[in-house]
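Structural description and commentary
Single-letter residue listing:
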Amino acid sequence: MGKANTVLKSTMLCAAIGLGLMAASAPSFSKEVVKIGFVGPLTGGTSSIGLGGRNSADLAVRLRNADPKSKYTYQLVSQDDECRPNVGVQVATKLAADKSIVAGVTHFCSAVAMGTAPVFARFGLPVIVWGAVLPEITYGNDFKEVHRVNGTMINQSEVAAKFMMEQGYKKWAIIHDTTDYGKGHNKYFSEYLKKDGGQILGTFGVTADQQDFTTELTKIRELKPDVIYFGGLTPLGVRIRTQMEKLGIKAQFEGTSGIKSDAYIQGVGDKLAEGSLSFLEGAPWEKLSGGLAFTGQYRVQKYSEPPEAYGPFAYAAANLIMDAVEKVGPDRKKVRDVLNQTKNVDTLIGKVTFDDRRQNIVPLVTKYVVEDGKWVIWEDSSYATGKRKLSGQ
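Everything in this summary refers to the structure shown in the same document. (Residues numbered from 1 in each chain as written. Predicted model: local features only at pLDDT ≥ 70, side-chain atom pairs only at ≥ 80, totals over all residues. Heavy atoms only, no water.)

Quick word on the overall build of the chain
On a plain count of helices and strands, the chain comes out with 16 helices and 14 strands. By the compact-globule yardstick of 21 Å for 393 residues, the chain fits well, its C-alpha radius of gyration being 21 Å. Structurally, the chain occupies a C-alpha span of about 70 × 45 × 35 Å along its principal axes. When burial is assessed residue by residue, the chain has 59% of its 393 residues classed as buried. Taking all contacts inside the chain whose residues are at least 6 apart in sequence as the whole, residues at least 24 apart take part in 72%. Split by element, the accessible area of the chain, about 15500 Å² in all, is 52% carbon and sulfur. For the chain, the distance from the average position of its 48 positive side-chain charges to the average position of its 41 negative side-chain charges is 2 Å. (Helix = DSSP H or I, 4+ residues; strand = E, 2+ residues; numbered from the N terminus. Rg over C-alpha atoms; globule rule 2.2 N^0.38 Å. Buried < 20%, exposed > 50% of the residue type's maximum accessible area, 1.4 Å probe, protein only. Contact = heavy atoms within 4.5 Å. Areas by Shrake-Rupley, 256 points an atom, 1.4 Å probe, with all protein chains shown as cover. Lys, Arg positive; Asp, Glu negative; His and termini not counted. Charge placed at Lys NZ, Arg CZ, Asp CG, Glu CD.)

Next comes the structure, spelled out in structure tokens:
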């Protein structure tokens, strides 16, 4: 398979001599057109993540089309799953039934990914999940067509619990949404926290569309936890963090990768967002060799939305698919078989190796904290040096 950073280097050379990538993204009539699907939440509360993922997959396609060595011209076919399982199944069926689509970059929302996995398997469409973290998507199934380039909430939870214990915190209140995503985070985080000696004072399940958390937060205020751990996505996290402030709760706010988005900071404001924590599986792509080139080329394309936390995963997934097509041609079964054998492949997000359940073996989890209105890698932050303090420290 080709390397993502090699593609980036060749593209930057093309840009340097004045070739326009916008023009290069148009289909070349001298090459066969190969279609790749993309599925994510392009509307609704998590659309910022979905649009960032789509743009990043689109960037991978544009760069590949600008590479004269590419055997094919690629076209991205995008579908909106709205982060709703029923809609996800509909659009997955639409993509999978279209024989002109050879593979797909699919899903940020775990509940949707769980619902569509059997669809992709039934139609024989190989896909790479780019953001959904529920372990059962890969480990609960044995569909040869379903791969995942990002890690799982198991990785996140282990690091999140250990890290907070190392910061000296002892007592937690947990709020999680009642989807499979939220319940999964509650399960794994609670297990690791108890294993590390943390105390859970109370656990509260809330619906993903709940607006008022006065009842839950009032009880939490009485419990006086050191930390509120939130297992859910950005829209819910914004409402909870905002209402914490109104009720005078000063506990440290710790979220999952589900709040690692610019939309979270915008939603609560820089002041309230300050010090919020999030944990994202994988190496900090900002520090990898292709990271600066990725962000630079992303800016060149002038996308209306940022790549967000999972954009690099969508970019890597699209490149893995195109690498497979370049090797064996636009044949679903052959592409699937190549993906299944992915071992130690260089990508924007680091080395990718799929295990026997087609789950990328992620070596680490990156810790992020909001500082001055931006998500900052923990080790690079003023909090890590002690110049700033988290709540309660």
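That covers the picture; the talk isn't over yet.
Remarks on the state of the cysteines
The full count for this structure, using the stated rule, is 1 disulfide. Linked covalently through their sulfurs, Cys83 and Cys109 form a disulfide whose S-S length is 2.0 Å. Here the disulfide of Cys83 and Cys109 is left-handed, its torsion about the S-S bond being about -110 degrees. Separated by 26 residues along the polypeptide, Cys83 in the loop between strand E2 (73-80) and helix H4 (85-97) and Cys109 in the loop between strand E3 (101-106) and helix H5 (110-123) bring together distant segments of the chain. (Disulfide = S-S within 2.5 Å.)

With respect to the packing of helix H3 (residues 47-65) against helix H13 (residues 291-301)
Relative placement of two packed helices is described by the angle separating their axes and the distance separating the axes. Interaxial distance between H3 and H13 falls to 10 Å at its minimum, and their mutual angle equals 95 degrees. As far as their axial angle goes, H13 and H3 are roughly perpendicular. Facing Gly52, Asn55, Ser56, Leu59, Arg62 and Leu63 of H3, the residues of H13 in contact are Phe294, Gln297, Tyr298 and Gln301. Along the lines of polarity and charge, the residues of the contact of H3 with H13 split into 4 nonpolar, 5 polar and 1 charged. (Axes fitted to C-alpha atoms, helices over the stretch in contact; angles between N-to-C directions. Parallel < 35°, antiparallel > 145°, perpendicular 65-115°, else oblique. Nonpolar A, V, L, I, M, F, W, Y, C, P; charged D, E, K, R; others polar.)

Observations regarding unusual backbone geometry
In the Ramachandran plot, Lys302 falls in the positive-phi region, its phi being about 55 degrees despite a non-glycine side chain. With respect to the element layout, Lys302 can be found in the loop between H13 and helix H14 (311-328). Relative accessible area serves as the criterion here: at 72%, Lys302 is assigned to the exposed category. Positive phi is not limited to glycine here, since Glu308 has a value of about 60 degrees. Here Glu308 lies in the loop between H13 and H14.

Some thoughts on helix H9 (residues 214-223)
When we look at burial in H9, the residues that qualify are Glu216, Leu217 and Ile220. Around the axis of H9, the buried residues are gathered within 90 degrees of arc, so they sit on the same side. Exposed positions of H9 whose direction lies more than 90 degrees from the buried face are Thr215 and Glu222. Looking at the residues trailing H9, positive phi occurs at Lys224, about 55 degrees. (Arc of directions from axis to C-beta.)

Some words on helix H10 (residues 234-246)
Helix length check: H10, at 13 residues, gives a terminal C-alpha distance of 19 Å against a target of 18 Å (1.5 Å per residue), a fit within 8%. Downstream of H10 by one or two residues, Gly248 has phi in the positive range, about 75 degrees. (Expected span 1.5 Å × (residues − 1).)

Digging into the environment of Phe230
Relative to the elements of secondary structure, Phe230 occurs in strand E8 (residues 227-231). Its relative accessible area of 0% is what places Phe230 among the buried residues. Separated by 140 residues in sequence, Phe230 and Gln90 place their C-alpha atoms 30 Å apart. When neighbours within four sequence positions are excluded, Phe230 is seen to be in contact with Ile175, Leu236, Gly237, Ile240, Phe253, Glu254, Gly255, Thr256 and Ile259.

Focus: the nonpolar core
Soluble globular proteins: nonpolar side chains tend toward being buried together. Counting 98 residues, the largest nonpolar core has Val105, Trp130, Val149, Leu217, Ile228, Ile240 and Tyr264 as the members making the most contacts within it. Core analysis: the second largest hydrophobic core is formed by 20 residues, Tyr169, Ile174, Phe279 and Leu390 among them. (Core = buried A, V, L, I, M, F, W, Y, C linked by side-chain atoms within 4.5 Å.)

With respect to the side chain of Asp177
Structurally, Asp177 is set in strand E6 (residues 171-177). Of the side chains with opposite charge, Lys183 comes closest to the buried, unpaired Asp177, at an N-O distance of 8.2 Å. Setting aside anything within four residues of it in sequence, one finds Asp177 in contact with Gly182, Lys183, Val206, Ala208, Gly231, Gly232, Leu233 and Leu236. (Salt bridge = Lys/Arg side-chain N within 4 Å of Asp/Glu carboxyl O.)

Focus on the pattern of salt bridges
Scanning the model with the defined rule gives 16 salt bridges in all. With a closest N to O distance of 2.5 Å, Arg62 and Asp58 form a salt bridge. A residue pair is termed a helical-turn pair when its members lie 3 or 4 positions apart in one helix, as Arg62 and Asp58 do in helix H3 at 4 residues. Asp58 gets classed as buried once you look at its relative accessible area, which sits at 18%. Taking the shortest distance from any N to any O, the salt bridge between Lys367 and Glu379 comes out at 3.2 Å. Linking Lys367 in strand E13 (residues 365-371) with Glu379 in the loop between strand E14 (374-377) and helix H16 (382-385), this pair joins segments that are 12 residues apart in sequence. You can call Lys367 buried: its relative accessible area is 16%. A cluster of three or more residues bridged by salt bridges with shared partners is formed by Asp142, Lys144, Arg357 and Arg358.

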